[in-house]
Amino acid sequence: DAGVTQSPTHLIKTRGQHVTLRCSPISGHKSVSWYQQVLGQGPQFIFQYYEKEERGRGNFPDRFSARQFPNYSSELNVNALLLGDSALYLCASSYRVVTEAFFGQGTRLTVV
Amino acid sequence: EDQVTQSPEALRLQEGESSSLNCSYTVSGLRGLFWYRQDPGKGPEFLFTLYSAGEEKEKERLKATLTKKESFLHITAPKPEDSATYLCAVPTGSGNTGKLIFGQGTTLQVKP
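Reference entry: report on the structure contained in this document. (Residues numbered from 1 in each chain as written. Chains lettered and ligands numbered in written order. Predicted model: local features only at pLDDT ≥ 70, side-chain atom pairs only at ≥ 80, totals over all residues. Heavy atoms only, no water.)

### Describing the environment of C91(A)
Residues and elements named next belong to chain A. Tracing the backbone shows C91 in strand β9 (residues 87–94). On the basis of relative accessibility, which here comes to 0%, the residue C91 falls in the buried class. Separated by 87 residues in sequence, C91 and V4 have C-alpha atoms that sit 7.5 Å apart. Not counting chain neighbours up to four residues away, the residues in contact with C91 comprise V4, Q6, C23, V32, S33, W34, F102, F103 and G104. (Helix = DSSP H or I, 4+ residues; strand = E, 2+ residues; numbered from the N terminus. Buried < 20%, exposed > 50% of the residue type's maximum accessible area, 1.4 Å probe, protein only. Contact = heavy atoms within 4.5 Å.)

Now the structure itself:
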């Protein structure tokens, strides 16, 4: 079975631009979460969606937004990119809201 | 405030030299503790879930244990391929969200 898939794997953007990251969860999983990981730190929670409803939002500015589609795939959008947004963005899927989460390979975003 | 702290930050072992990694947590009402392995530039790979004090889980050379305040990941006779960053995480917030708080990780290097 396919695991969590994310696209693209790598991305280079200029300050002020907008970016959309995509995630397809494991088949049968209804929850998708997004995390940001900078080098040397553990992942930081951005959003969780379950059954297309937002179930949690981390301490990130309003420039970050997300949504979940009827097929349970998800998008993370970041507007007005800053240099500090450069990080590995991770998507995780789980069967229920609170259970072990399975991560994709991540999208490496570099803002120049 | 809910918190997860891992120690040591880095650990260098000789092949076959057993050791333990520590994950201390402070959370209101533990709803599980998760261990992950992360290779450089990749997403975290799920290893174990522990739910209650006294519980143990094993997989190959790894054994995870849980007390009321901390969890240990014991590595027995490690091999170079066990080199990775090991992360622990706990769910936080209300029962309606699966937000995970991660420790900063322990980077393990096993030398042949």
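### Quick notes on the pattern of salt bridges
Residues and elements named next belong to chain B. The final tally for this structure, using the stated rule, is 10 salt bridges over all chains. With a closest N to O distance of 3.9 Å, K63 and E56 form a salt bridge. With relative accessibility at 26%, the residue K63 sits in the partly exposed group. Residue E56 is classed as partly exposed on the basis of its relative accessible area, which comes to 47%. Residue R61 is joined to D82 by a salt bridge in which the shortest nitrogen-to-oxygen separation is 2.8 Å. Here the residue R61 occupies a position in the loop between β6 (56–59) and β7 (62–66), and D82 occupies one in the loop between β8 (70–75) and β9 (84–91), the gap between them amounting to 21 residues. What makes D82 buried here is its relative accessible area of 7%. (Salt bridge = Lys/Arg side-chain N within 4 Å of Asp/Glu carboxyl O.)

### A short note on the side chain of Q68(A)
All names here are of chain A. Inspection of the secondary structure puts Q68 in strand β7 (residues 64–68). The exposure class of Q68 is buried, given its relative accessible area of 7%. Looking at Q68, its side chain comes within polar contact range of the main-chain oxygen of K30, at 3.1 Å. Within polar-contact distance, the side chain of Q68 engages the backbone nitrogen of K52 at 2.8 Å. (Polar contact = N/O pair within 3.5 Å; in protein donor to acceptor, adjacent residues only side chain to side chain.)

### Side note on the pairing of strand β4 (residues 33–38) of chain B
All names here are of chain B. With six of six residues buried, β4 lies mostly within the body of the structure. Where burial is concerned, the two faces of β4 agree: the one with L33, W35 and R37 and the one with F34, Y36 and Q38 are both buried. The pairing of β4 with strand β5 (residues 45–50) spans five bridges and is classified as antiparallel. By the bridge assignment, W35 is partnered in β5 with F48. The antiparallel hairpin formed by β4 and β5 contains six residues in its connecting segment, where G41 sits at a positive phi of about 75°. Across five bridges, the pairing between β4 and β9 is antiparallel. Bridge pairing in β9 links Q38 to T85. (Pairing = 2+ DSSP bridges.)

### Topic: the interface of chain B and chain A
On the chain A side, the residues contacting the 22 residues of chain B number 21 residues. When chain B packs against chain A, the two sides together hide about 1600 Å² of surface, and 58% of this comes from carbon and sulfur. At the boundary of chain B with chain A, the tally comes to zero salt bridges. For the side of chain B that touches chain A, the secondary structure elements donating two or more residues are β4, β5, β9 and β10 (100–102) of chain B. Of all the elements, β4(B) adds the most residues to the side of chain B that touches chain A, at three residues. Looking at the side of chain B that touches chain A residue by residue, the classes come out as nine nonpolar, 10 polar and three charged. (Buried area = accessible area lost by both parts, 1.4 Å probe. Nonpolar A, V, L, I, M, F, W, Y, C, P; charged D, E, K, R; others polar.)

### Here's the deal with the environment of S28(B)
All names here are of chain B. Topologically, S28 is positioned in the loop between β3 (19–26) and β4. Accessibility expressed as a relative area gives 64% for S28, which makes it exposed. Separated by 27 residues in the primary sequence, S28 and E1 place their C-alpha atoms 8.7 Å from one another.

### Describing the packing of aromatic side chains
Residue and element names in this part refer to chain A. Within this structure, the stated rule accounts for 10 aromatic pairs over all chains. Here Y35 and F45 contribute two aromatic rings whose centre-to-centre distance is 5.6 Å and whose plane-to-plane angle is 70°, an arrangement assigned as edge-to-face. Residue Y35 is located in strand β4 (residues 31–37), and its partner F45 is located in strand β5 (residues 44–50); the two are separated by 10 residues in the primary sequence. The class for Y35 is buried, based on a relative accessible area of 1%. (Phe/Tyr/Trp six-rings, centres within 6.5 Å; stacked < 30°, edge-to-face > 60°.)

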